[in-house]
Amino acid sequence: MIVMKFGGTSVQDAPSVERVVKIIHKHLPLRPVIVVSAMGKTTRRLLRAAELAASGDLTAGLDQLDELRNYHAEILQSLLTVETQPTGTRLREIENLIHDIAVSAVEARSDVDGYFGEIEPLLTGLSILRELTPRGRDRIASYGELMSSTIVTHALRRVGVNAVWLDARAFMMTDESYTRARPLLDIANPKIVEHIRPRVQAGQVPVTQGYIGSTTHGITTTLGFEGSDYTAAIIGAALDVEDIQIWTDVNGIMTADPALLPEARTVKVISFAEAKELTHFGAKVLHPKTLFPAHEKAIPVHIYNSRQPDAPGTVITTDAPPSRTPVKSIAYKKPISLVTITSHGSSPRLQFFKQVFDVLERAQLFTYLAVVSELNVVLAVDPSEAAEPLMLELKREANVSLTPDQAILCLVGEDLTQVPGLPADVFEALRDWRFNVISQGGSAHSLVLIVGANEVEKALRRLHDWLFQDSDPEVFAC
Ligand code: ADP
Ligand code: MG
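What you are looking at is a predicted structure, and each value in this text was computed from that prediction instead of being measured. Along each chain, numbering runs from 1 in the same order as the chain's sequence is written. To label them, take the chains in the order written and letter them from A, then take the ligands in the order written and number them from 1. Residues qualify for local features only when their pLDDT is at least 70, as the model is predicted, and side-chain atom pairs are given and counted only at 80 or more; totals for whole chains, interfaces and linings, by contrast, use all residues. Side-chain descriptors were evaluated using all non-hydrogen atoms of the structure, hydrogens and water having been removed beforehand.

**Student:** Would you take a moment to explain the packing of aromatic side chains for this structure?
**Tutor:** Each aromatic ring pair is described using two quantities: the centre-to-centre distance and the angle formed by the ring planes. Planes of paired rings set the category: under 30 degrees apart is stacked, over 60 is edge-to-face and the rest tilted, where pairs are Phe, Tyr or Trp rings (Trp by its six-membered ring) whose centres lie within 6.5 Å. According to the stated counting rule, one finds seven aromatic pairs in the structure shown. Geometrically, the ring pair formed by Phe366 and Tyr368 is edge-to-face, given 5.0 Å between the ring centres and 85° between the ring planes. Relative accessibility thresholds used throughout: buried, under 20% of the residue-type maximum; exposed, over 50%; partly exposed, between the two (1.4 Å probe, protein chains only). Relative accessible area serves as the criterion here: at 39%, Phe366 is assigned to the partly exposed category. A ring pair is formed by Phe468 and Phe476, whose centres lie 5.7 Å apart and whose planes are at 70°; its orientation type is edge-to-face. Each of the two residues, Phe468 as well as Phe476, counts as buried. Members of the aromatic cluster, joined through ring pairs, are Phe6, Trp247 and Tyr304. Comment: the charge-over-ring label is applied if NZ (Lys) or CZ (Arg) is within 6 Å of the ring centre and within 35 degrees of the ring normal. Across the ring face of Tyr71, the terminal group of Arg45 is positioned such that the distance to the ring centre comes to 5.7 Å.

In structure tokens:
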């Protein structure tokens, strides 16, 4: 059994869905379970419609919804025609197939219409309440995946695949932290097995939604933006599959974000430890939490391009083979803010550190990096999370200052601390640069630099040119 997850760009229009269907068809002998994201930019547009309605502009919200309705209707319409005429089959069987396809097409259309019929009154409700709660956001956002999975199920049936649509909210149980709900794996795992395994054993191809879940009381939740990858990994781990495949719009994990650096190369094989560092520090090709369930069960994660299904892609494994090129990839994240907390020295050192980390925990402030010295703690945080809780709570103990508009640049590779001369190479490449933080050794697999946000891309290009001049062909592909 395998899990195949298709991201938003992989299902953004009818030709993309056709490609996905072909890819799934080819993998049928491996008994796939399919996880899909919302089509194209649907999630963002649904939330925009909700925001408009809640701000009082119901008409604009409904206009957005109409656009989405047309977008989905067009994709569905293009997929309605019957194309496959199985050869060597008796006429009667062909007639049956055509009949089944016609029934499923009508069902798909009415399901999608039904979803839009549900969203409309929700928008009206928001415009009356003039309020969009996190719980309301999740409810609205969930329709993107509900619709895309319905359409993909139909597109598969149309070519004779015995696809069955499953509502992820029946098994992906989460806590109640709306918009970034945490799966309750003790409850979810047995439900995943119970809902999905018998279908696969019966020869069906389950198609379900990424990103969405449900509280134990049946209220819709979401796992946070880009959470579909995480769904795929959770399902894969629960079912002990042989492979978790993430199908996206690039040829795997690359030496840098190809949107920034078109010459970036594919990293053919990378370890879980390295990939975790990369996703933590901004490589958006995978949701950062994806790798944990897979790593725990040592299930390989493959990343493939749905537009070039025959390209090798990347495999993430427990132990990556040695590489002559020590750095595998460079990620960056911007903007971030640096918070510098300097103790007045009035309380003992360890107590001061404890206070700082206690505030982080209470305020649920996410930090990318923490560097500690005699009287200072420097934290890299998202600007939206700001430093206010730290400033308010620690003002008697410390000075707290904020440096905005920074960026994290993270070089990732296996055991980088053991590579002689690597820092020398990095500083040679960036010899005229200023760094606000340099950190190595926090993880053996990364070297982190903090530079000004406006110069991070330039620094990345320079480092990439320098470090990947002669990359190991065993590990990197063009
Ligand atoms: P999906 O919709 O399939 O989930 P995403 O847009 O979330 O796709 O992720 C794929 C994108 O990740 C790519 O288009 C690419 O721009 C970006 N990306 C960032 N860093 C990397 C990297 N190191 N390797 C590959 N892609 C990366
Ligand atoms: Mg993604």
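Still more ground to cover, so stick around.
**Student:** What exactly am I supposed to notice about the pairing of strand S4 (residues 205–209) here?
**Tutor:** Remember that side chains alternate between the two faces of the sheet whenever the strand is regular. With five of five residues buried, S4 is to be regarded as a mostly interior element. The helix count covers DSSP runs of H or I at least four residues long, the strand count covers runs of E at least two residues long, and both are numbered beginning at the N terminus. Side chains Val205, Val207 and Gln209 project from S4 onto one buried face, and the interleaved Pro206 and Thr208 project onto a second face that is buried too. Strand pairing requires that DSSP identify at least two bridges connecting the strands. Both strand S2 (residues 32–36) and S4 contribute to a ladder of three bridges, which runs parallel. Bridge pairing in S4 places Ile34 opposite Val207. For strand S3 (residues 163–165) and S4, the ladder comprises three bridges, and the chain directions are parallel. Bridging across to S4, Ala163 finds its partner in Val205. The β-α-β motif built from S3, the intervening helix H6 (residues 185–201) and the parallel element S4 has right-handed crossover chirality. If you view a crossover with the strands going away from you and the path from the first strand over the helix to the second runs clockwise, you call it right-handed.

**Student:** Sorry, what's going on with the pattern of salt bridges here?
**Tutor:** Two side chains bearing opposite charge may form a pair once their charged atoms approach each other closely. Just to be clear on terms, a salt bridge is a Lys or Arg side-chain nitrogen sitting within 4 Å of an Asp or Glu carboxyl oxygen. If you walk through the whole model with that rule in mind, you get 20 salt bridges. In this structure, the salt-bridge partner of Asp66 is Arg69, at a minimum N-O distance of 3.4 Å. One end of the pair is Asp66 and the other is Arg69, both in helix H3 (residues 58–78) and three residues apart, which spans about a single turn. Judged by its relative accessible area of 26%, Arg69 is partly exposed.

**Student:** Looking at this model, I keep getting lost on the sheet that holds strand S13 (residues 367–372). Mind explaining?
**Tutor:** Picture the strands of a sheet paired through backbone hydrogen bonds; they go either parallel or antiparallel. Taken in spatial order, the six strands of this open sheet run S13-S14-S12-S15-S17-S16, and their pairing is antiparallel. Only two strands of the sheet have a single partner each, and these edge strands are S13 and strand S16 (437–440). The average angle at which neighbouring strand axes cross in this sheet is 25°, direction not considered. In this sheet, strand S17 (residues 446–452) lies alongside S16 in antiparallel orientation, the contact comprising four bridges. Between the N-to-C directions of two axes lies an angle of 0 to 180 degrees, each axis being a line fitted to C-alpha atoms and, for a helix, fitted only over the stretch in contact.

**Student:** For this particular structure, what's the right way to read helix H4 (residues 91–129)?
**Tutor:** Helical geometry note: an α-helix holds 3.6 residues per turn, so side chains three or four residues apart project in the same direction. Each helix should span, by expectation, one fewer than its residue count multiplied by 1.5 Å. In this model H4 runs 58 Å from its N-terminal to its C-terminal C-alpha over 39 residues, within 8% of the 57 Å that 1.5 Å per residue would give. Remark: Arg130 follows H4 within two positions and exhibits a positive phi of approximately 55°.

**Student:** Explain the domain arrangement of the protein chain here, please?
**Tutor:** Accessible area lost during the coming together of the parts is what is often quoted as the interface size. Those domain boundaries reflect an automatic or database domain assignment. Each assigned domain of the protein chain is listed here: domain 1 (2–249) and domain 2 (327–467). On a C-alpha basis, the centres of domain 1 and domain 2 stand 38 Å from each other.

**Student:** Would you explain the side chain of Asp243 in this entry?
**Tutor:** Along the chain, the position of Asp243 falls in strand S7 (residues 243–248). Buried charged residue Asp243 carries no salt bridge. Nearest counter-charge: Lys26, at 13 Å. Residues adjacent in sequence count toward polar contacts only when both atoms are side-chain atoms; beyond that, a polar contact is any pair of N or O atoms within 3.5 Å, and within protein one must be able to donate a hydrogen and the other to accept it. Within the structure, the side chain of Asp243 is placed 2.8 Å from the side chain of His302, a separation counted as a polar contact. Any two residues whose heavy atoms approach within 4.5 Å are treated as being in contact. In contact with Asp243, other than residues within four places in its own chain, are Met1, Ile2, Val3, Ile299, Pro300 and His302. Charge counting follows a simple rule: Lys and Arg are positive, Asp and Glu are negative, and His as well as the terminal groups are ignored.

**Student:** Before we go on, may I ask you to explain the site of ligand 1 in this structure?
**Tutor:** Lining the immediate surroundings of ligand 1 are 20 residues, of which Glu226, Thr248, Met254, Asp257 and Lys284 lie closest. A distance of 2.7 Å separates an oxygen atom of ligand 1 from a polar side-chain atom of Glu226. Within the contact set of ligand 1, an oxygen atom lies 2.7 Å away from a side-chain nitrogen or oxygen of Thr248. Computed with a 1.4 Å probe, the accessible areas rest on the Shrake-Rupley method; for each residue, only the protein chains presented here act as cover. For ligand 1, whose accessible area on its own is 570 Å², the fraction buried by protein is 90%. It suffices for a single heavy atom of a residue to lie within 4 Å of a molecule or strand for the residue to be listed as near it.

**Student:** Can you walk me through the packing of helix H12 (residues 422–429) against helix H13 (residues 456–467) in this structure?
**Tutor:** If you want to describe how two helices pack, look at the angle between their axes and the distance between the axes. Their axes nearest at 9 Å, the elements H12 and H13 cross at an angle of 130°. If you check the angle between H12 and H13, you find them oblique. Where H12 crosses over H13, the handedness of that crossing is right-handed. Counted together, Leu422, Asp425, Val426, Glu428 and Ala429 of H12 and Arg462, Leu463, Trp466 and Leu467 of H13 form the full contact between these two elements. Taken together, the residues of the contact of H12 with H13 sort by class into six nonpolar, no polar and three charged. Oblique is the label for every angle not falling under 35 degrees (roughly parallel), over 145 degrees (roughly antiparallel), or within 65 to 115 degrees (roughly perpendicular). Left-handed describes a crossing in which the near helix is turned anticlockwise from the far one by less than a right angle; the clockwise case is right-handed. Residue polarity is assigned by list, with Asp, Glu, Lys and Arg as charged and Ala, Val, Leu, Ile, Met, Phe, Trp, Tyr, Cys and Pro as nonpolar; anything else, Gly included, falls into the polar class.

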